[in-house]
Amino acid sequence: MINDDKYKEFLDESDSKIAYVNVETEYSKQNLDSSLKNNLFRFVELERSSGISSLSGKQKRMSADVATRFFKNYFASISLVVFLTILLISIIAPLASQFGSNKPILNLTPEFISNLPPSYAPIVTEILTVSQLENIIKVLGNDAVTTRELTPGGDWLVTYDKYTLINKTLGELSDKTFDFTTILGTTQEGFDIWTRTWAATRDSLLLSILVALTETTIGILIGSYIGFHAGTWIDNVFTRLIDIVKNVPSIIWFLLLISLFNDLNFGTLFLSLILIGWTAPVYQTRLWMITIKDQEYILASKSIGASTNRQIFIHALPAIIGKLATSFVWRIVIVIFFVSSLAFLGFIPYGGEPNLGTILNEARSQVENNIWILLLPSVILLLTSLSTQFIANGLHDALDPKIGGK
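This one's a predicted model, so the numbers in the text were calculated from it and none came from an experiment. (Residues numbered from 1 in each chain as written. Predicted model: local features only at pLDDT ≥ 70, side-chain atom pairs only at ≥ 80, totals over all residues. Heavy atoms only, no water.)

**Considering the packing of helix α3 (residues 74–96) against helix α16 (residues 372–398)**
Cut-off, in case you're wondering: Axes, fitted as lines to C-alpha atoms, cover a helix only where it is in contact. Angles between the N-to-C directions of the axes lie from 0 to 180 degrees. Helical segments are the DSSP runs of H or I of at least four residues, strand segments are the runs of E of at least two, and each set is numbered from the N terminus. Geometric relationships in this document are graded by angle, where less than 35 degrees denotes roughly parallel, more than 145 denotes roughly antiparallel, 65 to 115 denotes roughly perpendicular, and other angles denote oblique. Throughout, a crossing is termed right-handed when the near helix is turned clockwise from the far one, and left-handed when it is turned anticlockwise from it by less than a right angle. Every residue pair with non-hydrogen atoms within 4.5 Å of one another is taken to be in contact.
Remark: α3 packs on α16, axes separated minimally by 8 Å, with the N-to-C direction vectors making an angle of 135°. Here α3 lies oblique to α16, going by the angle between them. Between α3 and α16 lies a crossing whose hand is left-handed. Only Ile380, Leu383, Thr384, Leu386, Ser387, Thr388, Phe390, Ile391 and Gly394 of α16 make contact with α3, whose side of the interface consists of Phe75, Ala76, Ser79, Leu80, Val82, Phe83 and Ile86.

What follows is the structure in structure tokens.
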């Protein structure tokens, strides 16, 4: 049996040991926490100083990655070269030419300058009257002209060098020596085909690029905002406005705007195309924005206090920039074909510089005289359409790492 004094002594001794153990345990815990904190901070510093750079290497810019993925696509790369070549030639050719794009090549009678052949095939065969034949023989001489009478005292089938006739005629008028020639010949009005076609290409590309850039900018600003606020009153207002514009045929809007402006030039044509075509980029951007506006990273940015504009233009917009870039490139082709179609159908009485549509419209009645008046603008339209399509697809893939990285 343990008496009361020994039991109290035992309890006092036990309490002191428990207290000692608690103190030692608390001390060990503090040391452990301190050790963990030190090691944790040391690990962060190590990772911050050398871990990331040693594992991932030198950081790359997004533009460099996009360019690398784009040029890995051979079709897109070749198409870009083709498109830039067309663009450069359309700028350089009219500047380097001695002829204007909308006036006859020489101040001579139409019989000299109309329907000239290409320079590589200067010999022509024409049906001429007796008086015309006599004038040609007077300039060139009998040896340079091959004739065959078709009707007694009437028409003659005459073969001669067209450019030699022009150069000798100019020499007699000015007492100088001329070596005049054209690359692809002239139209019935005496316009140089080469210069006129490339000037039309330049104006068409310039107009289409400016229109596409403006429409895409409007689409990004308005479409992104109303798409992020889908279902609100501002979205409903713009949606109904888009429906009104889209449900009326574009050609009706165009003819209405042209009649209001009362003067068709580059500025009024540009403004008309903007008023007609702004709805498509806005509608497309709105749909794409709706598909991503509820993504987790958008909600995370909102939860940490990001403003609405930051959520839209900093976090959400980069996710659809590839589709917007593709849409922009496609808008260039759409505008070119829209304007060319209207000019070809005669809805654009363009009195200034020509466009590809007016040239193709002229070519319908003159293609038998010179195939290049139809072939050159047709090839330019075809190459422009195909190259921009491949560029758009390549740009879309390059801006999407999931696709471009494969």
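Picking up after the structure, the text goes on.
**Digging into a nonpolar patch on the surface**
Our working definition: Here a patch means residues that are over 30% exposed by relative accessible area and free of salt bridges, tied together within 9 Å if like-charged and within 5 Å if nonpolar (Val, Leu, Ile, Met, Phe, Trp, Tyr). Computed with the Shrake-Rupley method and a 1.4 Å probe, the accessible areas treat only the protein chains shown as cover for residues. Here, a salt bridge means any Lys or Arg side-chain nitrogen found within 4 Å of an Asp or Glu carboxyl oxygen.
Side chains of Phe75, Leu382, Leu386 and Phe390 sit close together on the surface and give an oily, nonpolar patch of about 400 Å² of accessible area. In terms of residues, the nonpolar patch owes the most to one element, α16, which gives 3 residues. For Leu386, the location among the structural elements is in helix α16.

**What to know about the sheet that holds strand β1 (residues 123–128)**
Which entries qualify depends on this criterion: Here, strands pair whenever DSSP counts at least two bridges between them.
Pairing within the open sheet is antiparallel, and its 3 strands lie in the order β1-β3-β2. In the strand order of this sheet, the two ends are held by β1 and β2 (146–149), each with one partner. Ignoring which end each strand starts from, the neighbouring axes of this sheet average 15° apart. Pairing of β2 with strand β3 (residues 156–161) involves 4 bridges; the strand directions are antiparallel. Paired with Thr146 across the strands is Thr159, a residue of β3. Contacts from helix α5 (residues 130–140) reach β1, β2 and β3, with the element oriented near 25° to β3. On top of the sheet, helix α6 (residues 162–174) reaches β1 and β3; it is set at about 75° to β3, its chief contact.

**Some remarks on the packing of aromatic side chains**
Note the threshold: By convention, a stacked pair of Phe, Tyr or Trp rings (six-membered ring in the case of Trp) has centres within 6.5 Å and planes under 30 degrees apart, an edge-to-face pair has planes over 60 apart, and any other such pair is tilted. Using a 1.4 Å probe on the protein chains alone, a residue whose accessible area is under 20% of its type maximum counts as buried, one over 50% counts as exposed, and one in between counts as partly exposed. Only when the NZ atom of a Lys or the CZ atom of an Arg is both within 6 Å of the ring centre and within 35 degrees of the ring normal do we say a charge sits over the ring.
Per the stated rule, a full pass over the model turns up 6 aromatic pairs. Where Phe70 meets Phe71, the ring centres are 5.3 Å apart and the plane angle is 90°; that geometry is what we call edge-to-face. On the accessibility criterion, Phe70 (8% relative accessible area) is buried. Judged by relative accessible area, Phe71 falls into the partly exposed class, the value being 47%. Ring geometry for Phe254 against Phe338: centres 6.2 Å apart, planes inclined by 90°, an arrangement best described as edge-to-face. Linking Phe254 in helix α9 (residues 250–261) with Phe338 in helix α14 (residues 321–344), this pair joins segments that are 84 residues apart in sequence. By the ring-pair criterion, three or more aromatic residues cluster together here, those being Phe99, Tyr163 and Phe180. Between the NZ or CZ atom of Lys246 and the centre of the ring of Tyr283, over which it lies, the distance is 4.1 Å.

**What about the pattern of salt bridges?**
Evaluation of the coordinates by the stated rule reveals 7 salt bridges. Among the ionic pairs, Glu362 bridges to Arg196, the shortest N-O distance being 2.7 Å. Here Glu362, found in helix α15 (residues 356–366), pairs with Arg196, found in helix α7 (residues 193–228); they are 166 residues apart in sequence, far enough to count as distant.

**Quick notes on α14**
Definition in use: A helix is expected to reach a length of 1.5 Å times the quantity of its residues less one.
Compared with the 34 Å implied by 1.5 Å per residue over 24 residues, the 35 Å span of α14 between its first and last C-alpha is a close match. Count one or two residues on from α14 and you reach Gly346, which has phi positive near 90°.

**Points about the pairing of β3**
As paired strands, β1 and β3 are joined by 6 bridges and run antiparallel to one another. Directly across from Ile123, in β3, lies its bridge partner Asp161.

**Points about the side chain of Gln366**
Structurally, the position occupied by Gln366 is in helix α15. The exposure class of Gln366 is buried, given its relative accessible area of 4%. Not counting residues within four places of it along the chain, the set of residues in contact with Gln366 comprises Asn115, Thr187, Gln188, Glu189 and Ile373.

**Some points on the environment of Leu80**
Residue placement: Leu80 occurs in helix α3. Between the C-alpha atom of Leu80 and that of Gly394, which follows or precedes it by 314 residues, the distance is 9.7 Å. With near-sequence residues (within four places) excluded, Leu80 lies in contact with Phe70, Phe71 and Ile391.

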